[in-house]
Structure formats: C-alpha cells, structure tokens
Amino acid sequence: MKTICDIYRSPRESEMYLYVEKSQGMQRVPEKLQALFGKPVHVTTLLLTPERKLARADVDKVMNALQEQGYYLQMPPVADDEMRAIAAQNSKLPRG
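Rules behind the numbers
- Residues numbered from 1 in each chain as written.
- Predicted model: local features only at pLDDT ≥ 70, side-chain atom pairs only at ≥ 80, totals over all residues.
- Heavy atoms only, no water.
- Phe/Tyr/Trp six-rings, centres within 6.5 Å; stacked < 30°, edge-to-face > 60°.
- Helix = DSSP H or I, 4+ residues; strand = E, 2+ residues; numbered from the N terminus.
- Salt bridge = Lys/Arg side-chain N within 4 Å of Asp/Glu carboxyl O.
- Buried < 20%, exposed > 50% of the residue type's maximum accessible area, 1.4 Å probe, protein only.
- Core = buried A, V, L, I, M, F, W, Y, C linked by side-chain atoms within 4.5 Å.
- Arc of directions from axis to C-beta.
- Polar contact = N/O pair within 3.5 Å; in protein donor to acceptor, adjacent residues only side chain to side chain.
- Pairing = 2+ DSSP bridges.
- Axes fitted to C-alpha atoms, helices over the stretch in contact; angles between N-to-C directions.
- Contact = heavy atoms within 4.5 Å.

Peer 1: Mind showing me how you'd approach the packing of aromatic side chains here?
Peer 2: Geometrically, a pair of aromatic rings is defined through the distance of the ring centres and the angle of the planes. For the coordinates displayed, the defined rule picks out one aromatic pair. Where Tyr19 meets Tyr72, the ring centres are 5.6 Å apart and the plane angle is 80°; that geometry is what we call edge-to-face. You can see Tyr19 sitting in strand β2 (residues 17–21) and its partner Tyr72 sitting in strand β4 (residues 71–74), a full 53 residues away along the chain.

See the structure below:
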C-alpha cells in the first residue's frame, strides 16, 4: 500500500503537524480541529509506504489513520517537568 500525503504545520502550536491524503486535502478533517489547528502551513508532500521511516510518527499508524479518518494529527513531544527544569538550569550556565 502506498499513500501520497501532504503534511502541514500548525501556526498556533509548535511542532504540531497534520497529515492528510493529497487527493482529499483537508475535506475529511473536522471543522473543529481545523479551527483549533489554525491556517495550515504546507511543509512537504511525501509518498508513504510501510517501509518508510518517519521522524516522530509510526508510518503504519499514520497510513491507517489516513485511510480510516482521512487525517493524522502529530502532537508536539511531551516535555516532562524534570526535563523543563534541566533545560531551564542549562540555559543559565555560563557559555565558555
């Protein structure tokens, strides 16, 4: 199975992406999700195959979601409180 998809990023939420089938565009994405996502910014077009590796999503889950519901929403990575604290502390260290 192969699927050509367009990937859009959200202008409202950093690292949130929406995958849609190229042939259908945004027509199967619920209006409420479109409103929350904001005006989509096209990032790229990909040919998805079961063998393809994606950076932060499972290609099988993406392809199944595209077939079943017409879109796949990739949420931003979750940063736990401990990692936020470490990042904040590191940003205060002197650069040498």
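Having seen the model, we can carry on.
Peer 1: In this structure, what is going on with the pattern of salt bridges? I would like to understand it.
Peer 2: A side chain with one charge can pair with a side chain of the opposite charge if their charged atoms come near. As enumerated under the stated definition, the model contains two salt bridges in all. Across the salt bridge formed by Lys22 and Asp6, the nearest N and O atoms sit 3.6 Å from each other. Within this pair, whereas Lys22 is found in the loop between β2 and α1 (31–37), its partner Asp6 is found in strand β1 (residues 3–9), the two being separated by 16 residues in sequence. On the basis of relative accessibility, which here comes to 5%, the residue Asp6 falls in the buried class. Ionic pairing is found between Glu15 and Arg56, a salt bridge with its closest N-O pair at 3.0 Å. You can see Glu15 sitting in the loop between β1 and β2 and its partner Arg56 sitting in the loop between β3 (41–48) and α2 (59–68), a full 41 residues away along the chain. Judged by relative accessible area, Arg56 falls into the partly exposed class, the value being 37%.

Peer 1: Is there a simple way to explain the nonpolar core in this structure?
Peer 2: Nonpolar side chains tend toward joint burial in soluble globular proteins. Within the largest apolar cluster, 13 residues are counted, with the highest numbers of intra-cluster contacts made by Cys5, Tyr19, Leu48, Leu54 and Val62. With five residues, the top contributor of residues to this core is α2. If you look at the next biggest cluster of nonpolar residues, it comprises nine residues, including Tyr8, Met16, Met26 and Val29.

Peer 1: Would you explain α2 in this entry?
Peer 2: An α-helix turns once every 3.6 residues. As a result, residues three or four positions apart point the same way. Those residues of α2 that sit buried are Val59, Val62, Met63, Ala65 and Leu66. Down the axis of α2, the sector holding all buried residues measures 165°, keeping them to one side. Of the exposed residues in α2, the ones pointing more than 90 degrees away from its buried face are Lys61 and Glu68. Structurally, the start of α2 carries an N-cap: the backbone nitrogen of Asp60 is 2.8 Å from a side-chain oxygen of Asp58. Gly70 sits one or two positions beyond α2 and adopts a positive phi of about 90°.

Peer 1: It is not clear to me how the sheet that holds β2 should be interpreted in this structure. Could you clarify?
Peer 2: Within the open sheet, the four strands sit side by side as β3-β1-β2-β4. Their pairing is antiparallel. The open sheet terminates on both sides in strands that have one partner only, identified here as β3 and β4. Across the sheet, the mean angle from the axis of one strand to that of its neighbour is 20°, orientation sign disregarded. When β2 meets β4, the two strands line up antiparallel, connected through four bridges. Pairing of Val20 across the sheet is with Tyr71, part of β4. Set on the sheet, α2 makes contact with β1, β2, β3 and β4; between it and β4 the angle comes to about 135°.

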